[in-house]
Amino acid sequence: MTYIRGDVRELLLAGHTNSEIVRRLGVDRSTPARARRLLGLPKPKPGPRPAASPEDLFWRRVKPVSGGHMDWTGYRNNTGAPSIRHEGRNLSAYRIAFRIAQGREPDGHVRPGCDRTGCAAPACQTDRITRAEARKVDALYAGIFGAPA
Ligand SMILES: [Zn+2]
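This one's a predicted model, so the numbers in the text were calculated from it and none came from an experiment. (Residues numbered from 1 in each chain as written. Predicted model: local features only at pLDDT ≥ 70, side-chain atom pairs only at ≥ 80, totals over all residues. Heavy atoms only, no water.)

Engineer: Describe the overall build of the chain, naming the residues involved and giving the relevant values.
Structural biologist: Helix and strand counts for the chain stand at six helices and six strands. Reading the chain from its N end, one meets helices and strands in the order α-α-α-α-β-β-β-β-α-β-β-α. Dimensions of the chain, computed from the C-alpha atoms along their principal axes, are close to 55 × 45 × 25 Å. Relative to its 149 residues, the chain shows a buried fraction of 36%. Summing over all exposed atoms, the chain offers an accessible surface of approximately 9400 Å²; the carbon and sulfur share of this is 53%. (Helix = DSSP H or I, 4+ residues; strand = E, 2+ residues; numbered from the N terminus. Buried < 20%, exposed > 50% of the residue type's maximum accessible area, 1.4 Å probe, protein only. Areas by Shrake-Rupley, 256 points an atom, 1.4 Å probe, with all protein chains shown as cover.)

Engineer: Describe the coordination of the zinc ion, listing the residues and the values that go with them.
Structural biologist: Summarising the metal site, the zinc ion is bound by the protein donors H69 (ND1), C114 (SG), C119 (SG) and C124 (SG), whose distances to it range over 2.1 to 2.3 Å. Around the zinc ion, the four donor atoms sit at angles spanning 102 to 116°, and that spread fits a shape best called tetrahedral. The sequence motif formed by the donor residues of the zinc ion is H-x44-C-x4-C-x4-C. In this pair, C114 is assigned in the loop between β5 (111-112) and β6 (125-126) and C124 in the loop between β5 and β6, connecting sequence segments 10 residues apart. Using a relative accessible area of 12% as the deciding quantity, one classes C124 as buried. (Donors = N, O, S within 2.8 Å, 3.2 Å for Na, K, Ca; no water. Tetrahedral: all angles 85-135°; square planar, octahedral: opposite > 155°, others 65-115°.)

So, in structure tokens, the structure goes:
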């Protein structure tokens, strides 16, 4: 089996150790080790780490819950949106999560597309483009199976 969880892959590529990944994602110890071998990544060198990136700060502030969703344990801005303070700026955790999952800057407003309120999981974040695609798929299904009652 060669499947690698997206969140495990992201953390490995971001330079996290196996034990950090186990702690953050609640996966079995063998999961990051196996993914590291499959990706051909070396073990991270011991010693001081570079300054935390917004992505690092993001991963320290999420708690995985069932169904692949994640709760935000960090700061919220005055509108209640998950927020990260980085180099003197407040960044939207939803936008950082979106970049982690999609590998590109979001287009327009980012919000979770799942039914878990305030979900911070990278895979759950949507922008204008992904929402338009989801509507097209919904319309296609409605055309095939009939509109939902
Ligand atoms: Zn979610």
